[in-house]
Amino acid sequence: SQQGEEDPQALSIQEGENATMNCSYKTSINNLQWYRQNSGRGLVHLILIRSNEREKHSGRLRVTLDTSKKSSSLLITASRAADTASYFCATDSGSGSARQLTFGSGTQLTVLP
Amino acid sequence: GAGVSQSPSNKVTEKGKDVELRCDPISGHTALYWYRQSLGQGLEFLIYFQGNSAPDKSGLPSDRFSAERTGGSVSTLTIQRTQQEDSAVYLCASSLGSYRAHTFGSGTRLTVV
């Protein structure tokens, strides 16, 4: 089963609005990462939040992490048409030979001009 | 190089043929990963190389899949006797250390006809 599950699967908003995507996971994590993917090709790393952090900012991006609820959210403020992409969370869990990075199935964000 | 380079970018092959996909990671990145992404889906982990350690092959879907990493740098993913269900985008990523932020290549789109 998926470690990280994004919600919603698809989101459509108007330019200038904020977009919020959520990620839920099942087991304890070392860190959680968010990636962006355009056109079904390579992913671009956006931000990494460690398990002992609760919030992190990078430009128009804000990521929160609630380890008690095993969830994270990615907020994109003042969205632009160029933000249209798929967004994936990836959970780094386990240790030693059992450590793995598991990607969710993504949220497809469409920002309408 | 400046980024992760994958070749070819597109590959169309006949069912039953063998294919080789190449990944050239960022110089100095000790960790290298292969993932597979089917249309509209998340990433499926295939294999992970870390330095000189034995690779984590736990994600390889069948014994038709194999991968090598020569000299701690370039990696080749080989799929023998390709099947139509092997059609997907194959993504390579590298990172400075285990499960740190990944830098992805643009992927190889494999189509088995």
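Refer to the structure presented above.
Residues numbered from 1 in each chain as written. Chains lettered and ligands numbered in written order. Predicted model: local features only at pLDDT ≥ 70, side-chain atom pairs only at ≥ 80, totals over all residues. Heavy atoms only, no water.

Digging into the side chain of Q37 of chain B
Residues and elements named next belong to chain B. Tracing the sequence through the fold places Q37 in strand β4 (residues 31–37). Of the residues examined, Q37 reaches a relative accessible area of 6% and is grouped as buried. Among the polar contacts made by the side chain of Q37, one reaches the main-chain carbonyl oxygen of Q41 at a distance of 2.8 Å. (Helix = DSSP H or I, 4+ residues; strand = E, 2+ residues; numbered from the N terminus. Buried < 20%, exposed > 50% of the residue type's maximum accessible area, 1.4 Å probe, protein only. Polar contact = N/O pair within 3.5 Å; in protein donor to acceptor, adjacent residues only side chain to side chain.)

Re the packing of aromatic side chains
Enumeration according to the criterion identifies eight aromatic pairs over all chains in this entry. Note on Y33 of chain B and Y35 of chain B: the rings are 6.2 Å apart at their centroids and 25° apart in plane angle, and the pair reads as stacked. Across the pair, Y35 of chain B and Y33 of chain B agree in class, each one buried. A connected cluster of aromatic rings, assembled from ring pairs, spans Y35 and F103 of chain A together with Y33, Y35, F45, Y48 and F104 of chain B. (Phe/Tyr/Trp six-rings, centres within 6.5 Å; stacked < 30°, edge-to-face > 60°.)

Observations regarding the nonpolar core
Formed by 21 residues in total, the largest nonpolar core has its most connected members in M21, L32, W34, L74, I76, Y87 and L109 of chain A. Elements that contribute at least two residues to this core include exactly β2 (10–14), β3 (19–25), β4 (31–37), β5 (43–50), β7 (61–66), β8 (71–76), β9 (85–93) and β11 (107–112) of chain A. Counting residues per element, this core draws most heavily on β3 of chain A, at four residues. V4, W34, A67 and C92 of chain B belong to the second largest nonpolar core, which has 20 residues in total. (Core = buried A, V, L, I, M, F, W, Y, C linked by side-chain atoms within 4.5 Å.)

Let's talk about the pairing of strand β3 (residues 19–24) of chain B
Residue and element names in this part refer to chain B. Only one face of β3 is covered, namely the one carrying V19, L21 and C23; the face carrying E20, R22 and D24 has none of its residues buried. Note: strand β1 (residues 5–7) against β3, three bridges, orientation antiparallel. Following the sheet pairing, S7 is matched in β3 by R22. In terms of strand pairing, β3 meets strand β7 (residues 75–79) through five bridges, oriented antiparallel. Its bridge partner being in β7, R22 is matched across the sheet by T76. (Pairing = 2+ DSSP bridges.)

Regarding the interface of chain A and chain B
With 20 residues of chain A at the interface, the matching set in chain B holds 21 residues. Between chain A and chain B the total buried area reaches about 1,400 Å² when both faces are included, carbon and sulfur atoms providing 51% of it. In terms of surface lost to chain B, no three residues of chain A exceed R41, L43 and F103 of chain A, which account for 37% of the buried area on that side. Our enumeration of links across chain A and chain B arrives at zero salt bridges. The interface formed by chain A and chain B contains two residue pairs in polar contact (both at pLDDT 80 or more). Looking at the side of chain A that touches chain B, the elements that each hand over two or more residues are β4, β5, β9 and β10 (100–103) of chain A. Per element, the largest residue contribution to the side of chain A that touches chain B is four residues, and it comes from β4 of chain A. Considering only residue class, the side of chain A that touches chain B consists of six nonpolar, eleven polar and three charged. (Contact = heavy atoms within 4.5 Å. Buried area = accessible area lost by both parts, 1.4 Å probe. Salt bridge = Lys/Arg side-chain N within 4 Å of Asp/Glu carboxyl O. Nonpolar A, V, L, I, M, F, W, Y, C, P; charged D, E, K, R; others polar.)

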